[in-house]
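Take a look at the letters that make up each chain.
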Amino acid sequence: QVQLVESGGGLVQAGGSLRLSCAASGRTFSSYAMGWFRQAPGKEREFVAAISWSGGSTYYADSVKGRFTISRDNAKNAVYLQMNSLKPEDTAVYYCAAGLLGWIEGYDYWGQGTQVTVSS
């Protein structure tokens, strides 16, 4: 069982940066691939980024590639999403997720989400 709690969301102007954090409980955190997803109003949830259990592999949606960076610290049971050059279309609720077989999909545990709002 893994419990996830996101933090770090907020209101930022276009071009600005935010760093999201996801704190995980459970002794087996380092066994899980971790992902970030987002859901904008009236839209389906979409994949943003994923990182392997070791941190050695990452993958990004085309819409955020080059602007967002996912990382993890297994000693702290945490995963992060550094978001730079933010655009109004990045406005959404951001969720972190954990899954033994997770990558673009295949996640078993989800956080409650944190709101990111980018003003133009």
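Each remark here, short or long, concerns the structure printed above.
A brief look at the structure comes next. Predicted model only: the values in this text are computed from it and were never measured. (Residues numbered from 1 in each chain as written. Predicted model: local features only at pLDDT ≥ 70, side-chain atom pairs only at ≥ 80, totals over all residues. Heavy atoms only, no water.)

## Considering the overall build of the chain
What the chain contains, in helices and strands, is 0 helices and 11 strands. When the helices and strands of the chain are listed from N to C terminus, the series reads β-β-β-β-β-β-β-β-β-β-β. Relative to the globule expectation of 14 Å for 120 residues, the C-alpha radius of gyration of the chain, 13 Å, shows essentially globular dimensions. If you line up the chain on its principal axes, its C-alpha atoms span 40 × 25 × 25 Å. Residue burial in the chain is summarised as follows: out of 120 residues, 43% are buried. Taking the contacts inside the chain whose residues are at least 6 apart along the sequence as the reference set, 56% of them involve residues at least 24 apart. Here the chain has roughly 6200 Å² of accessible surface; of this, 48% comes from carbon and sulfur atoms. (Helix = DSSP H or I, 4+ residues; strand = E, 2+ residues; numbered from the N terminus. Rg over C-alpha atoms; globule rule 2.2 N^0.38 Å. Buried < 20%, exposed > 50% of the residue type's maximum accessible area, 1.4 Å probe, protein only. Contact = heavy atoms within 4.5 Å. Areas by Shrake-Rupley, 256 points an atom, 1.4 Å probe, with all protein chains shown as cover.)

## Remarks on the sheet that holds strand β8 (residues 78–83)
Taken together, 4 strands build an open sheet; the order of strands is β1-β3-β8-β7 and the sheet is antiparallel. Taken across any chain shown, the strands that pair with only one partner, and hence form the sheet edges, are β1 (3–7) and β7 (68–73). Taken over all neighbouring pairs, the strand axes of this sheet differ in orientation by 15° on average, direction set aside. Strand direction decides the pairing type here: β1 and strand β3 (residues 18–25), joined by 5 bridges, are antiparallel. Across the sheet, Val 5 pairs through a bridge with Ala 23, a residue of β3. (Pairing = 2+ DSSP bridges. Axes fitted to C-alpha atoms, helices over the stretch in contact; angles between N-to-C directions.)

## A look at the packing of aromatic side chains
With the rule as written, the count across this model stands at 6 aromatic pairs. What links up through ring pairs into an aromatic cluster is the set Phe 37, Phe 47, Tyr 59, Tyr 107 and Trp 110. The ring of Trp 110 carries the charged tip of Arg 45 above its face, separated from the ring centre by 3.7 Å. Just above the ring of Phe 29 sits the side chain of Arg 72; from NZ or CZ to the centre is 4.6 Å. (Phe/Tyr/Trp six-rings, centres within 6.5 Å; stacked < 30°, edge-to-face > 60°. Lys NZ or Arg CZ within 6 Å of the ring centre and 35° of its normal.)

## Points about the pattern of salt bridges
Taken as a whole, this structure holds 4 salt bridges when the rule is applied. Ionic pairing is found between Asp 90 and Arg 38, a salt bridge with its closest N-O pair at 2.9 Å. On the criterion of sequence distance, the pair formed by Asp 90 in the loop between β8 and β9 (92–99) and Arg 38 in strand β4 (residues 33–39) is long-range, its members being 52 residues apart. Residue Asp 90 shares its accessibility class with Arg 38, and that shared class is buried. The salt bridge partner of Asp 62 is Lys 65, with a shortest N-O separation of 3.1 Å. A single salt-bridge network, built from bridges that share partners, covers Arg 38, Glu 46, Arg 67 and Asp 90. (Salt bridge = Lys/Arg side-chain N within 4 Å of Asp/Glu carboxyl O.)

## Considering the side chain of Asp 90
According to the relative accessible area criterion, Asp 90 is buried, its value standing at 1%. Of note is the side chain of Asp 90, whose polar atom sits 2.8 Å from the backbone nitrogen of Lys 87. When neighbours within four sequence positions are excluded, Asp 90 is seen to be in contact with Arg 38, Arg 67, Phe 68, Ser 85, Val 116 and Val 118. (Polar contact = N/O pair within 3.5 Å; in protein donor to acceptor, adjacent residues only side chain to side chain.)

## With respect to the layout of surface pockets
Empty space within the largest pocket amounts to approximately 160 Å³. Looking at the lining of the largest pocket residue by residue, the classes come out as 2 nonpolar, 3 polar and 8 charged. (1 Å grid on protein atoms, 1.4 Å probe; cavity = no way out; pocket = protein on both sides within 12 Å on 5 of 7 lines; lining within 4 Å. Points joined across faces, edges and corners; volume = space filled by probe spheres on them. Nonpolar A, V, L, I, M, F, W, Y, C, P; charged D, E, K, R; others polar.)

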